[in-house]
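# Summary of structural features
Read off the chains here:
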Amino acid sequence: MREAIITDVNYRMSLTAIRTLGKRGIPITAVAYDDTPDYACIGFYSKYVKNKVKLPSPNRDEMSFVKALCALGESHVMAGKGKPVLIVPGSKSMQVLTRHLSELDLWFDHLLVDHETYNQANNTQHLLESASTFGVKGPFTTWLHHDESIEALADRVEYPVVV
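What you see as residue numbers is a count from 1 along each chain, following the sequence as written. Totals for whole chains, interfaces and linings use all residues, but because this is a predicted model, local features are given only for residues with pLDDT of at least 70 and pairs of side-chain atoms are given and counted only at 80 or more. To get the side-chain values, all heavy atoms of the structure are used, and hydrogens and water are removed first.

At least two DSSP bridges between two strands are needed for those strands to be called paired. Counting from the N terminus, the helices are the DSSP runs of H or I reaching at least four residues and the strands are the DSSP runs of E reaching at least two. Spatially, the four strands line up as an open sheet ordered β3-β2-β1-β4, and their pairing is parallel. In this open sheet, the two edge strands, each paired with only one partner strand, are β3 (49-55) and β4 (85-87). The mean inter-strand angle of the sheet, taken between neighbouring strand axes irrespective of direction, is 20 degrees. Where strand β1 (residues 4-6) and strand β2 (residues 28-33) come together, three bridges link them in parallel fashion. Within β2, the residue paired with I5 across the bridge is T29. Angles shown run from 0 to 180 degrees and are taken between the N-to-C directions of axes, each axis being a line fitted to C-alpha atoms and, for helices, limited to the stretch in contact.

Shown next as structure tokens:
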């Protein structure tokens, strides 16, 4: 069975992927930056994690991070395990890795988009503008105008509302 390599295991959101895949018997390699203290790498402590790996932090050296991650994928391929599936929950790793898809494509199966697409989707204003061109309503912020009653505000907003 192919392995899943999950980055950013210092974030709670990585645990969802670890647990979901681990419960299905998929082997998990948990990846963290080498400047992250072990106690903060909560994914390392999951019973579903088979391997724990620390890679160079892209905050210090982006290319060292990319090369080390690719070497991890290459080791799986060369061992005859097939391409591992790369899951990237964190925005810092995503920001870096979307600039290096050609290198990643050699050693991983993944669902990463190109850097420009990632930046557009990660920009709230751009995302709201794009949605509105297709008639999809998005969230907005409003406030009471001077001398406006709460009843008047209630008449001009659409529901549901988060206050």
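By the secondary structure assignment, E148 is in the loop between α6 (124-133) and α7 (150-156). Think of it in three bands: with a 1.4 Å probe and only protein chains considered, a residue is buried below 20% of the maximum accessible area for its type, exposed above 50%, and partly exposed in between. When its relative accessible area of 18% is taken as the criterion, E148 is described as buried. Within 3.5 Å is the distance limit for a polar contact, defined as a pair of N or O atoms, with the added protein rule that one can donate a hydrogen and the other accept it, and that residues adjacent in sequence qualify only through two side-chain atoms. Engagement of the side chain of E148 in a polar contact is seen with the backbone nitrogen of H145, the distance being 2.7 Å. The residues touching E148, leaving out its near neighbours within four places in the chain, are W143, L153 and R156. Whether two residues touch is decided by their heavy atoms; if any such pair falls within 4.5 Å, the residues are in contact.

The next thing to look at is the side chain of H110. Mapped onto the fold, H110 is located in the loop between α4 (101-107) and α5 (115-122). Polar contacts involving the side chain of H110 include one to the side chain of D105, which spans 2.6 Å. A distance of 3.1 Å separates a polar side-chain atom of H110 from the backbone nitrogen of L112.

On to the packing of aromatic side chains. Planes of paired rings set the category: under 30 degrees apart is stacked, over 60 is edge-to-face and the rest tilted, where pairs are Phe, Tyr or Trp rings (Trp by its six-membered ring) whose centres lie within 6.5 Å. Scanning the model with the defined rule gives one aromatic pair in all. Both rings, one in Y33 and one in F65, keep their centres 5.6 Å apart while their planes meet at 90 degrees; by these two values the pair is edge-to-face. Placement of Y33 in strand β2 and of F65 in helix α2 (residues 62-78) is noted, with a sequence separation of 32 residues between them. Among the residues examined, Y33 registers a relative accessible area of 11% and is labelled buried.

Here we come to the nonpolar core. Residues L69, L86, L97, L104 and L112 are the most contacted members of the largest nonpolar core, which totals 22 residues. Elements represented by at least two residues in this core include exactly β2, β3, α2, α3 (91-97) and α4. It is α2 that provides the largest number of residues to this core, a total of six residues. When residues no more than four places from it in sequence are discounted, the contact partners of L69 are I5, L55, L86, L97, L104 and F108. Put simply, a nonpolar core is a bunch of buried Ala, Val, Leu, Ile, Met, Phe, Trp, Tyr and Cys residues held in one set by side-chain atoms that sit within 4.5 Å of each other. Core analysis: the second largest hydrophobic core is formed by 13 residues, A4, I6, F44 and V49 among them.

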